[in-house]
Amino acid sequence: MKREVTIPNSHPRYASLMGREKIVSGYKNGLVAIEGLIAHGRGECFDYLIGERTTDSAKLAINTAAAQLLVSVYPVISINGNVAALCSETVCSLHRSIIKSMLEINLFYYTKEREASIAAELKNYGVDNILGTNPENLIKIPELESNRRLVDRKGIFKSDTVLVPLEDGDRTLALKKMGKTVITIDLNPLSRTSLTADITIVDNVIRAIPLLIERIQHHKKNSSNEYLQQLISRFDNKKGLNDALSIMSNNRVT
Ligand code: PTJ
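Reading the values: rules and limits
Residues numbered from 1 in each chain as written. Predicted model: local features only at pLDDT ≥ 70, side-chain atom pairs only at ≥ 80, totals over all residues. Heavy atoms only, no water. Near = heavy atom within 4 Å. Polar contact = N/O pair within 3.5 Å; in protein donor to acceptor, adjacent residues only side chain to side chain. Areas by Shrake-Rupley, 256 points an atom, 1.4 Å probe, with all protein chains shown as cover. Helix = DSSP H or I, 4+ residues; strand = E, 2+ residues; numbered from the N terminus. Nonpolar A, V, L, I, M, F, W, Y, C, P; charged D, E, K, R; others polar. Salt bridge = Lys/Arg side-chain N within 4 Å of Asp/Glu carboxyl O. Buried < 20%, exposed > 50% of the residue type's maximum accessible area, 1.4 Å probe, protein only. Disulfide = S-S within 2.5 Å.

### Topic: the site of the ligand
Point 1. Around the ligand, 23 residues are found, and the nearest of them are Arg42, Phe108, Tyr109, Arg114 and Arg148.
Point 2. The separation between an oxygen atom of the ligand and a polar main-chain atom of Tyr109 is 2.8 Å.
Point 3. A distance of 3.1 Å is found between a nitrogen atom of the ligand and a backbone nitrogen or oxygen belonging to Leu187.
Point 4. When the ligand sits alone it has 740 Å² of accessible area, and the protein chains cover 95% of it.
Point 5. Elements with a contribution of two residues or more to the shell around the ligand: α2 (34-50) and α4 (81-98).
Point 6. Top element by residues in the shell around the ligand is α2. It accounts for 4 residues.
Point 7. The residue inventory of the shell around the ligand, partitioned by class, reads 8 nonpolar, 8 polar and 7 charged.

In structure tokens:
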């Protein structure tokens, strides 16, 4: 039975409900794995606890991530089904704002069909050179058993910095062991990805990516390489995670 959903934009949780609709449509359109719906629900729960807003601490992480992406020689943005459904358009704008970055599709619940749907979705927003889809270029990364172990030799394998939004912990660890700098966007400050990454942005990808683009544009105009390096060296990832945990656990019902 066809169902019509109307979410009035006056609804107090409009943005969250629209995110939910994007994930559901993404599932129906073949972008999102069914397990992605569960992952999204977990994200919603943490987002509720953090107040569905970008905290000052997350803004600092975003500013530092922008600096890291700009000083990198070969940054790669890793795309999975949830990211494609929630923010393909802004991820493609992010890719263009960095200039020299690459986009790579890397799926935990791999199917060829879903990979093709995600590539087509990214192409809709003007990105043609998408890595991770040509089997001849795939190479196994050490110490990883999941499907994510296959990475593109022209992409993640060669990168110095990888942005891995909504990730599972094993690959972040494997990427760290390969000497990569890892940036993640994850609403769960206790996930293994959040704990292992160099820069964890505890925020919703939907809010964080436009802010990341804005910071990249700001730094491109205003910041020296030396200043960007200072931002990176001063960043304390554990402090950011503890800030997020404090905000979540200090909520009180009055
Ligand atoms: O498309 P695939 O096959 O690569 O699969 C993608 C998912 C996300 C299903 C897969 O990577 C997975 O199972 O991830 P996990 O282990 O559930 O981790 C996802 C993390 O992202 C969790 O810590 C969630 O809290 C968090 N998360 C979910 N939605 C958001 C989010 N973080 C930021 N923004 C969100 N919108």
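### So, the environment of Gly51
Point 1. With respect to the secondary-structure elements, Gly51 resides in the loop between α2 and α3 (56-71).
Point 2. For the pair Gly51 and Ser97, spaced 46 residues apart in the sequence, the C-alpha separation amounts to 29 Å.

### Thoughts on unusual backbone geometry
Point 1. Notably, Glu52 is not glycine yet its phi reads approximately 50°, a positive angle.
Point 2. When you line up the elements, Glu52 lands in the loop between α2 and α3.
Point 3. Even without a glycine there, the phi angle at Ile99 is positive, about 75°.
Point 4. With respect to the helices and strands, the residue Ile99 is situated in the loop between α4 and β2 (102-105).

### Notes on the pattern of salt bridges
Point 1. Scanning all chains against the criterion turns up 10 salt bridges.
Point 2. Here Glu52 makes a salt bridge to Arg13, at a shortest N to O gap of 2.7 Å. One end of the pair, Glu52, is in the loop between α2 and α3; the other, Arg13, is in the segment before α1 (14-28), with 39 residues separating them in the sequence.
Point 3. On the accessibility criterion, Glu52 (25% relative accessible area) is partly exposed.
Point 4. Between Arg207 and Asp203 there is a salt bridge, and its shortest N-O distance comes to 2.7 Å.
Point 5. A single salt-bridge network, built from bridges that share partners, covers Asp47, Asp203 and Arg207.

### Things to note about the state of the cysteines
Point 1. Considering all chains together, one arrives at 0 disulfides under this definition.
Point 2. Lacking any disulfide linkage, Cys87 is separated from the closest cysteine sulfur, that of Cys92, by 9.6 Å.
Point 3. Overall, Cys87 belongs to the buried group, its relative accessible area being 5%.

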